[in-house]
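# A closer look at the structure
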Amino acid sequence: MPMHYTPGPELNGWKQIAAYLRVSVRKAQFLEKEQGLPIRRGIGSKPPVFADQTELETWKASLSSSGNSLAVPPTSAPGHPRVSRRSAVLAGGAVLLAAGSFGLTRILAPRPGRIVRAGVVGNTLYAWNATGDVLWRHRFAETLWTNHTGAPYAKWRTQIIHEIPPGDQRLAFAAAFADAEGDSPSREEIYCFSSTGSVLWRYSPEFSVRFGGERFHGPWNILHVLLVARQPRPTLLAAISHSNYRPGFVVEIDVDGKARLLFAQAGNIHCLHQMVSPSAAFILAGGVNNEYNAASLAIIKDGAPPSRSPQTPGTRFEIQGGPIGDPEYYYLLPPSEVNIVGGEPYNKAIRIADEQESIFVETRELELDQQTGKAMYYFNRSLDPIRVSYGDGYAAHHRRLQAEGKLKHSLADCPQLHHPVPVRRWRPKSGWNIIQVPFDPSNGPDAYRS
Ligand SMILES: [Zn+2]
């Protein structure tokens, strides 16, 4: 059964994931461990857990598509027997899915050769099937880098590129290798593996680009990898940024490893997202723009010629000899009070996700002692900014800056929370204008509400 991948809204935390699957949190955790439920994790000591709705649907379909004739014990719904690993074993080794929760009554036989999950242990990438058997493993010759750059995504972001054509299952994996000291990556690459674990291709960013009078050769970091829907086959997008300086790029890599530059900007790109509307598909690329010292959001129409960020001509922020197309929209999300008073050079967009009818862009305003002060910008499906709110980490940083005497007012009197935020928007025909985006007091920070 060929499957097309269209990234769906993101579910954050076990509660949302379990609610979406209509099972208990324990059941969802069981399904991850035993049935390859595609769960992703951020990084840090308590990594956040999230899932993509489309991946969950694909996972459900992959389980139900291999149905056979055995009866199905339904799920943990009240009054039904629970599915357990033991009952799966008793049923002749068939993998039983909690099918009742999906409105299906099927039994699910294992598909021994099919990768449902992959992950890194030490220096080795493992691919597992639905019953938790290791299908193959790949040991990297160099040490994989395990620190993080401050971006919220794990480097070890694996993507199963589904079977198109049927049986051609591939796995893409972004790897960063440690330098001698181990405190920064020396080289980053995307690996594509076949369903049996052979390396089909590798992609390593090798740009040499000029902005103004300066040429940048790298080293380049891969800050985010995203699988997006394309006909007839899906494509990988990679957010690539210079490890020390400003250039940032979005590169599109097809399933055969052929890469093409989609977008370039004078500032690092940290996060990617795809939005599919009835009329068109858009790629969203979030990061920072160094000319304006502000978080940036580029919105690129899928299929448009390669484009670049709007910069002042003749400045060192203008790309030379690069793409000449324009993005559909380009936004600057200005630094907040906490960002400025906290002494940061700029804020940056670090995550983009779907949330019901909106798309939200999370910016990092200030980070200290592992606490991140965030702003959340919400956009409607026409990609207009509609409201902004701030997280509890933002409130905590505000209180700290008050205690240090750097801010003279309380959060309740904070101008940032009483005035709209002037977001700058650029469009190819009209250039720059300002949209006043209102603060949404119904959505945090908690300390402000109390
Ligand atoms: Zn304030």
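All residue numbers here refer to positions counted from 1 along the written sequence of the relevant chain. Restriction of local features to residues with pLDDT of at least 70 applies here, the model being predicted, together with a cutoff of 80 or more for giving and counting side-chain atom pairs; totals for whole chains, interfaces and linings are based on all residues.

Once that is clear, we can look at the overall build of the protein. Numbering of helices and strands runs from the N terminus, with a helix taken as a DSSP run of H or I at least four residues long and a strand as a DSSP run of E at least two residues long. For the protein, the count of helices and strands is 7 helices and 30 strands. The burial tally for the protein puts 40% of its 450 residues in the buried class. Contacts in the protein between residues at least 24 apart in sequence constitute 52% of all its contacts with a sequence separation of at least 6. Buried means a residue has 20 or more other C-beta atoms within 10 Å of its own C-beta, exposed means 12 or fewer, and partly exposed covers the counts in between; C-beta atoms are placed from the backbone. Here, residue contact means that the backbone-derived C-beta atoms of the two residues sit within 7 Å.

This brings us to the sheet that holds strand S16 (residues 235–242). When DSSP locates at least two bridges between a pair of strands, those strands are taken to pair. Sheet architecture is open: 5 strands sit in the order S15-S16-S17-S18-S22, paired in mixed fashion. The open sheet is flanked by strand S15 (220–228) and strand S22 (307–308), the only strands paired with a single partner. In this sheet, strand S18 (residues 259–266) lies alongside strand S17 (residues 247–254) in antiparallel orientation, the contact comprising 7 bridges. Residue pairing across strands places Glu252 opposite Arg260, the latter belonging to S18.

Before going further, it helps to examine the nonpolar core. For this entry, the nonpolar core is defined as buried Ala, Val, Leu, Ile, Met, Phe, Trp, Tyr and Cys residues connected by C-beta atoms within 7 Å. By size, the foremost hydrophobic cluster in this structure holds 80 residues, and its most contacted members are Ile190, Val250, Ala285 and Leu333. Those residues in contact with Ala285 that sit more than four places away from it in its chain are Ala239, Val250, Phe263, Ile269, Leu272, Ala298 and Ile300. Among the nonpolar cores identified, the runner-up in size contains 11 residues, and Leu31, Leu37, Ile39 and Ala51 belong to it.

Within helix H2 (residues 25–35), burial applies to Ala28, Leu31 and Gln35. Mapping the buried residues of H2 onto a view down its axis gives an arc of 75°, with all of them on the same face. Looking one or two residues past H2, Gly36 carries a phi angle of roughly 70°, positive in sign. What the arc describes is the spread of directions from the helix axis to the C-beta atoms.

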